[in-house]
Amino acid sequence: GAVVSQHPSWVICKSGTSVKIECRSLDFQATTMFWYRQFPKQSLMLMATSNEGSKATYEQGVEKDKFLINHASLTLSTLTVTSAHPEDSSFYICSVMSSSGREETQYFGPGTRLLVL
Amino acid sequence: GESVGLHLPTLSVQEGDNSIINCAYSNSASDYFIWYKQESGKGPQFIIDIRSNMDKRQGQRVTVLLNKTVKHLSLQIAATQPGDSAVYFCAEGLYSSASKIIFGSGTRLSIRP
């Protein structure tokens with residue numbers, strides 16, 4: 001499977017500030033990456049699909065101006081939470097699509113825990 | 001809307017016994033199913049997947065069973081170990097476009113010594 005890293009692993013910020021989270025594909029070039037959000041004791045919810053060299057595709061209900069996604073290279077996608085508020089506190093997880101033979105599967109990063117005070 | 005759901009939110013199993021985690025799906029168009037394991041504070045880890053043209057697939061100590069008639073998916077873990085303690089999610093999607101998968105609500109597996 002693919003090896004995915006995220007940075008930082010956790011971050012605490014003040015309300016109103018912006019936070020950038022990085023997602024890196026370490027062992028192959030990923031044209032497509034995904035960003036999920038997970039609240040405590042809940043499942044993963046897809047926020048957006050990040051495509052290298054083009055605009056991200058956001059899921060319904062996700063504000064594109066608040067969650068800025070940049071996929072400038074085949075190994076790096078960033079998610080910026082702008083003007084963060086306490087309700088944005090969550091576990092943010094990215095994934096990459098990896099092809100193994102005829103199958104495509106998503107492999108996930110370790111996640112970034114965001115706490116907005 | 002259509003979703004993937006689980007029958008049991010929590011499961012407690014004696015160490016060494018087999019575990020069976022169940023999942024129901026409602027989207028009849030889904031033809032690709034994946035099981036993920038998520039340990040506390042970590043991202044989901046791929047366990048095993050199965051396409052709808054199969055009804056059983058085995059991995060190392062794990063088996064996934066698919067019953068398309070009743071839209072049911074299960075994950076069997078043989079000889080459950082303490083390291084198997086985690087939340088398990090099933091996810092569904094389309095094989096032709098595995099990019100968008102929908103996660104179920106998750107089952108927490110706890111191991112009794």
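This section reports on the structure supplied with the text. Here the structure is a predicted model, which is why all the values come from computation and not from measurement.

### Regarding the interface of chain A and chain B
- Taken together, the 21 residues of chain A in the interface contact 19 residues of chain B.
- Summed over both partners, the interface of chain A with chain B buries about 1600 Å², with 52% contributed by carbon and sulfur atoms.
- Put simply, chain A and chain B have one salt bridge between them.
- Lys-100 of chain B is paired through a salt bridge with Glu-59 of chain A; the nearest N and O atoms lie 2.9 Å apart.
- If you look at where chain A meets chain B, you find five residue pairs in polar contact (both at pLDDT 80 or more).

### Some thoughts on the sheet that holds strand β8 (residues 76-81) of chain A
Residue and element names in this part refer to chain A.
- In space, the four strands of this open sheet follow the order β1-β3-β8-β7, with antiparallel pairing throughout. In the strand order of this sheet, the two ends are held by β1 (4-7) and β7 (67-73), each with one partner. Taking each pair of neighbouring strands and ignoring which way they run, the sheet shows an average axis angle of 15°.
- Across six bridges, strand β3 (residues 19-25) lies against β8 in antiparallel orientation. Residue pairing in the sheet places Glu-22 in a bridge with Thr-78 of β8.

Conventions we followed
- Residues numbered from 1 in each chain as written.
- Chains lettered and ligands numbered in written order.
- Predicted model: local features only at pLDDT ≥ 70, side-chain atom pairs only at ≥ 80, totals over all residues.
- Heavy atoms only, no water.
- Contact = heavy atoms within 4.5 Å.
- Buried area = accessible area lost by both parts, 1.4 Å probe.
- Salt bridge = Lys/Arg side-chain N within 4 Å of Asp/Glu carboxyl O.
- Polar contact = N/O pair within 3.5 Å; in protein donor to acceptor, adjacent residues only side chain to side chain.
- Pairing = 2+ DSSP bridges.
- Helix = DSSP H or I, 4+ residues; strand = E, 2+ residues; numbered from the N terminus.
- Axes fitted to C-alpha atoms, helices over the stretch in contact; angles between N-to-C directions.

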